[in-house]
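Working through the structure, step by step
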Amino acid sequence: INHIVHNGGLYKRPFNEAFEETPMLVAVLTYVGYGVLTLFGYLRDFMRQWKIEKCQNATEREEQKDFVPLYQDFENFYNRNLYMRIRDSWNRPVCSVPGAKVDMMERVSHDYNWTFTYTGRVIKGIINMGSYNYLGFAQKTGACQEAAAKVLSQYGAGVCSTRQEMGNLDKHEELEKLVARFLGVESAMAYGMGFATNSMNIPALVGKGCLILSDELNHASLVLGARLSGATIRIFKHNNMQSLEKLLKDAIVHGQPRTRRPWKKILILVEGIYSMEGSIVRLPEVIALKKKYKSYLYLDEAHSIGALGPSGRGVVEYFGLSPEDVDVMMGTFTKSFGAAGGYIGGKKELIDYLRTYSHSAAYATSMSPPVVEQIITSMKCIMGEDGTTVGRARVQQLAENTRYFRRRLKEMGFIIYGNEDSPVVPLMLYMPAKIGAFGREMLKRNIGVVVVGFPATPIIESRARFCLSAAHTKEMLDTALKEVNEVGDLLQLKYSRRRLVPLLDRPFDETTYEETED
């Protein structure tokens, strides 16, 4: 059941995105499962308190017993009694390049995952379905590796200074000019850490007396940056344009609390691809609302740059829009480019301002030269400036792999979230016991997957998250699909009833974009 929307002519291409409703029985059993685990958690805490069971978690020293505990909340209880049971599904040590296949160090636990021991054995040739290696540039051979090695021998590994002092290299200048050209903006600035690109630059753009409108599923870096800014934050429902417009209207009509003065700035924070939902932002509608209410737009393209659009230029190109309509274009080099760091692109005045006032620019050490060269080489490959069509072919291969993998999983009967063009593919697990079971069973079959639970997702929406790559061959995907199908039957994960519930979709006009209760 495909849902295709054109929304009053704003979309130049079909926008196929839907979320299937959780079956009632599955939801009830998930809550029951967490209830049972919670009861046993309290029982085990009682036994630890009375020394019946050995207490292995961190506790206050005897002389600090009368102090107010450093932290006491649900997550502490959750980590101790629920997360610990399936801790072996995370932090697995990889000992190779995170390409289409990886090698992993085998480890065992003799105390129920409190500690791990390495056996000395290496599990080789695991099909990697978890890394954000969208275009396959995470590799130890080829043009990128050779160029990075050459720069390493010339510049060394570190810069040992900030950009404003002695750490501004010609390579940094070259990278920023290339990024600006790639994005189609006037200017760009590169940063050494993707997370800090958001968390340290948003406070430089907005402050007290400003309003941030943030999608409820935005990444933690956007959330932290918004909180650090001191601006007022209001949340709108995920990808829900009615909810966003209502907040915009209220902000303009009522102004700031108490004083009723107009907001100094209104900044909308959205992501290109949401990394847990696999959904793509409704950018044409967001831009239409931004223009209508004269606010600013901050677009985080961490997962979409390189992975969307005919030539890999992200969600703006995917929808056929102009980069000038996005005030702040942010992205990272950690995914499609196989490197590290992030960037912000936009008007020259914006970038000149950030060079002076951004904490990431003033206080952080400059990017490592080999990392810069990895980005330059991979970006030139995507743009075709290396004289080949390899980059364009990788973008097309990723799109083909994404559609094929998503279609096959849906045909098998799994509940799959997100947009049909998103390389992030969440497969819903729901029940807590199936989180660890799915990860372990897939590893037994030489498939490396990422399983995700609370607090990264709502507590009853646990999932496995596949990340497709241009480096995956058809044979690799077919092998992975065969094993997923087998594990799905074993764990009874095929919940789909083909009843897709799309997000609110209505023609974009003033008569339908009113307040909605649900």
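What counts and how
- Residues numbered from 1 in each chain as written.
- Predicted model: local features only at pLDDT ≥ 70, side-chain atom pairs only at ≥ 80, totals over all residues.
- Heavy atoms only, no water.
- Buried < 20%, exposed > 50% of the residue type's maximum accessible area, 1.4 Å probe, protein only.
- Helix = DSSP H or I, 4+ residues; strand = E, 2+ residues; numbered from the N terminus.
- UniProt positions renumbered as here; feature names shortened; annotations may be inferred.
- Patch = residues over 30% accessible without salt bridge, like charges linked within 9 Å, V, L, I, M, F, W, Y side chains within 5 Å.
- Areas by Shrake-Rupley, 256 points an atom, 1.4 Å probe, with all protein chains shown as cover.
- Salt bridge = Lys/Arg side-chain N within 4 Å of Asp/Glu carboxyl O.
- Polar contact = N/O pair within 3.5 Å; in protein donor to acceptor, adjacent residues only side chain to side chain.
- Contact = heavy atoms within 4.5 Å.
- Pairing = 2+ DSSP bridges.
- Axes fitted to C-alpha atoms, helices over the stretch in contact; angles between N-to-C directions.
- Parallel < 35°, antiparallel > 145°, perpendicular 65-115°, else oblique.
- Left-handed = near helix turned anticlockwise from the far one by under 90°.
- Nonpolar A, V, L, I, M, F, W, Y, C, P; charged D, E, K, R; others polar.
- Lys, Arg positive; Asp, Glu negative; His and termini not counted.
- Charge placed at Lys NZ, Arg CZ, Asp CG, Glu CD.
- Core = buried A, V, L, I, M, F, W, Y, C linked by side-chain atoms within 4.5 Å.
- Domains from an automatic or database assignment.
- Buried area = accessible area lost by both parts, 1.4 Å probe.

Remarks on helix 14 (residues 432-444)
Taken across its 13 residues, helix 14 has 10 buried, putting it largely inside the fold. Taken residue by residue, helix 14 has Pro432, Lys434, Ile435, Gly436, Ala437, Phe438, Gly439, Glu441, Met442 and Leu443 as its buried positions. Following helix 14 by one or two positions, Asn446 has its phi on the positive side, about 65°.

Considerations on the UniProt feature "transmembrane region" (unreviewed entry) in the protein chain
UniProt annotation of "transmembrane region" (unreviewed entry) refers to residues 24-43 when read in the numbering used here. As a span, residues 24-43 carries 100% helix and 0% strand, and end to end its C-alpha atoms are 29 Å apart.

Considering a nonpolar patch on the surface
On the surface, Met24, Val28, Val32, Val36, Leu39, Phe40, Leu43, Phe46, Trp50 and Ile52 cluster together into a nonpolar patch covering about 1100 Å² of accessible area. Here Met24 shows up in helix 1 (residues 24-49).

Details of the pattern of salt bridges
Two side chains with opposite charge may pair up if their charged atoms get near one another. Evaluation of the coordinates by the stated rule reveals 33 salt bridges. Arg403 serves as the salt-bridge partner of Glu420, at 3.0 Å between the closest nitrogen and oxygen. Remark: Arg403 occurs in helix 13 (residues 390-412) and Glu420 occurs in the loop between helix 13 and strand 13 (424-430); sequence separation between them is 17 residues. Here the residues in one salt-bridge network are Glu441, Lys444, Arg445, Lys482, Glu483 and Glu486, joined through shared partners.

Notes on the UniProt feature "domain: Aminotransferase class I/classII large" (unreviewed entry) in the protein chain
The sites that UniProt annotates as "domain: Aminotransferase class I/classII large" (unreviewed entry) are residues 125-482. Overall, residues 125-482 shows 43% helix and 16% strand. The separation of its end C-alpha atoms is 17 Å.

Quick notes on the side chain of Ser311
Along the polypeptide, Ser311 turns up in the loop between strand 10 (296-300) and helix 9 (315-318). Relative accessible area serves as the criterion here: at 6%, Ser311 is assigned to the buried category. A distance of 2.9 Å separates a polar atom in the side chain of Ser311 from a polar atom in the side chain of Arg313. A polar contact is formed between the side chain of Ser311 and the side chain of Glu317, at a distance of 2.4 Å. Beyond its immediate stretch of four places on either side in the chain, Ser311 contacts Phe182, Glu317, Ile382, Arg392 and Val395.

Overview of the sheet that holds strand 16 (residues 462-467)
Read from one edge of the open sheet, 3 strands run 13-16-15, paired in antiparallel fashion. On the outer flanks of this sheet lie strand 13 and strand 15 (450-452), each paired with one strand and no other. Ignoring which end each strand starts from, the neighbouring axes of this sheet average 25° apart. Helix 13 contacts strand 13 and strand 16 of the sheet and is inclined by roughly 20° relative to strand 13.

Some points on the pairing of strand 13
Among the 7 residues of strand 13, 7 are classified as buried, and the element is accordingly described as predominantly covered. In this sheet, strand 16 lies alongside strand 13 in antiparallel orientation, the contact comprising 6 bridges. Residue pairing in the sheet places Met428 in a bridge with Arg463 of strand 16.

Considerations on the environment of Lys101
Within the secondary structure, Lys101 sits in strand 4 (residues 101-108). Distance in space between the C-alpha atoms of Lys101 and Val452 is 21 Å, their sequence separation being 351 residues. Leave out the neighbours within four places in its chain, and Lys101 touches Ser96, Gly125, Ile126, Ile127, Asn128 and Met476.

Considering the sheet that holds strand 5 (residues 117-128)
Strand order in the open sheet formed by 3 strands is 4-5-14, and the pairing between neighbours is mixed. Pairing within the sheet leaves two strands with one partner each, and these edge strands are strand 4 and strand 14 (447-448). Relative to strand 5, strand 4 runs antiparallel, the two sharing 6 bridges. Paired with Val102 across the strands is Ile126, a residue of strand 5.

Topic: the packing of helix 5 (residues 194-205) against helix 6 (residues 220-229)
In contact at an axis separation of 7 Å, helix 5 and helix 6 are set at 20° when each is read in the N-to-C sense. Put simply, helix 5 runs roughly parallel to helix 6. For the element pair helix 5 and helix 6, the recorded crossing hand is right-handed. Here Phe195, Asn198, Ser199, Met200, Ile202 and Pro203 of helix 5 come into contact with helix 6, specifically with Ala220, Ser221, Leu222, Leu224, Gly225, Ala226, Leu228 and Ser229. Class assignment for the residues of the contact of helix 5 with helix 6 results in 9 nonpolar, 5 polar and no charged.

Digging into a positive patch on the surface
A contiguous patch of positive charge on the surface is contributed by Lys208, Arg258, Lys264 and Lys265. Summarising the element assignment, Lys208 is placed in the loop between helix 5 and strand 7 (211-215). Judged by relative accessible area, Lys208 falls into the exposed class, the value being 74%.

Topic: the nonpolar core
Buried together is how nonpolar side chains tend to be arranged in soluble globular proteins. Judged by nonpolar contacts, the single largest core of 107 residues is most densely connected at Met129, Phe333, Leu409, Phe438 and Phe466. Taken domain by domain, this core gets at least three of its residues from each of domain 1 (20-128 + 389-499) and domain 2 (143-383). If sequence neighbours within four positions are ignored, Leu409 has contacts with Phe414, Ile416, Val425, Leu427, Phe466, Leu481 and Val484. Core analysis: the second largest hydrophobic core is formed by 21 residues, Ala226, Ala231, Leu267 and Met330 among them.

Regarding the domain arrangement of the protein chain
Quite often, the size of an interface is put as the accessible area lost when its parts meet. Here the protein chain is described as being made up of domain 1 (20-128 + 389-499) and domain 2 (143-383). Domain 1 and domain 2 are separated by 29 Å when their C-alpha centres are compared. The partner domain 2 presents 18 residues to the 19 residues of domain 1 that form the contact. Between domain 1 and domain 2, a total of about 1400 Å² is buried, with carbon and sulfur atoms accounting for 59% of that surface. Along the contact surface separating domain 1 from domain 2 lie 1 salt bridge. Between Glu277 and Arg463 there is a salt bridge; the shortest N-O distance is 2.9 Å. At the junction of domain 1 with domain 2, the criterion picks out 8 residue pairs in polar contact (both at pLDDT 80 or more). Elements with a contribution of two residues or more to the side of domain 1 that touches domain 2: helix 13, strand 13 and strand 16.

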